[in-house]
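# Report on the structure
Below are the chains, spelled out letter by letter.
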Amino acid sequence: MGDEDSGVHCRLDALLAERGMTVVRLSELVGVSVVNLSVLKNDRAKAIRFSTLVAICRALDCEVGDLLVLAQQSV
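## With respect to the overall build of the protein chain
Counting secondary structure elements, the protein chain contains 5 helices and 2 strands. Since a compact globule built from 75 residues should have a radius of gyration of about 11 Å, the 12 Å found for the protein chain is in line with a globular shape. Across its three principal axes, the protein chain shows a C-alpha extent of roughly 40 × 20 × 20 Å. A buried classification covers 27% of the 75 residues belonging to the protein chain. A sequence separation of at least 24 residues applies to 60% of the contacts in the protein chain between residues at least 6 apart. Carbon together with sulfur atoms contributes 51% to the accessible area of the protein chain, which is approximately 5,300 Å² in total. Where the 8 positive side-chain charges of the protein chain centre and where its 10 negative ones centre are 6 Å apart.

## Side note on unusual backbone geometry
Residues other than glycine seldom take positive phi values, yet aspartate 43 does so here, at roughly 60°. When you line up the elements, aspartate 43 lands in the loop between helix H3 (34–41) and helix H4 (50–60). For aspartate 43, a relative accessible area of 38% gives the class partly exposed. Residue aspartate 61 is not a glycine yet carries a positive backbone phi of 50°. Checked against the element boundaries, aspartate 61 lands in the loop between H4 and helix H5 (64–67). A relative accessible area of 68% means that aspartate 61 is categorised as exposed.

## Description of the pattern of salt bridges
One pass over the structure, following the stated rule, counts 3 salt bridges. We note a salt bridge from arginine 19 to glutamate 18, for which the minimum N-O separation is 3.3 Å. We classify arginine 19 as partly exposed; its relative accessible area is 33%. On the basis of relative accessible area, glutamate 18 is assigned to the exposed category, the value being 54%. Residues participating in the shared-partner salt-bridge network are Arg11, Glu18 and Arg19.

## Brief notes about the confidence of the model for the protein chain
The predicted model of the protein chain averages 91 in pLDDT, with 91% of residues at 70 or higher. Taken element by element, the predicted model of the protein chain shows its lowest mean pLDDT in strand E1 (residues 8–10) (93) and its highest in helix H2 (residues 23–30) (98).

Criteria and thresholds
- Residues numbered from 1 in each chain as written.
- Predicted model: local features only at pLDDT ≥ 70, side-chain atom pairs only at ≥ 80, totals over all residues.
- Heavy atoms only, no water.
- Helix = DSSP H or I, 4+ residues; strand = E, 2+ residues; numbered from the N terminus.
- Rg over C-alpha atoms; globule rule 2.2 N^0.38 Å.
- Buried < 20%, exposed > 50% of the residue type's maximum accessible area, 1.4 Å probe, protein only.
- Contact = heavy atoms within 4.5 Å.
- Areas by Shrake-Rupley, 256 points an atom, 1.4 Å probe, with all protein chains shown as cover.
- Lys, Arg positive; Asp, Glu negative; His and termini not counted.
- Charge placed at Lys NZ, Arg CZ, Asp CG, Glu CD.
- Salt bridge = Lys/Arg side-chain N within 4 Å of Asp/Glu carboxyl O.
- pLDDT = per-residue confidence, 0-100.

This is the structure:
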């Protein structure tokens, strides 16, 4: 892992696909910009506010552990 790799993987892309929802629609539901959601979706986020995390989980009807998982480490 590099210095900037947190070891946490965001499954936002998979959850959106499972629910047939776009980033644009999620942005409308949670009040977070498409750009910020894209950063999260592409595993480039360094932090997330709890309020944003809760809003995303509510909009996607999922648990925090469905959205954020420990990344698999290569040996």
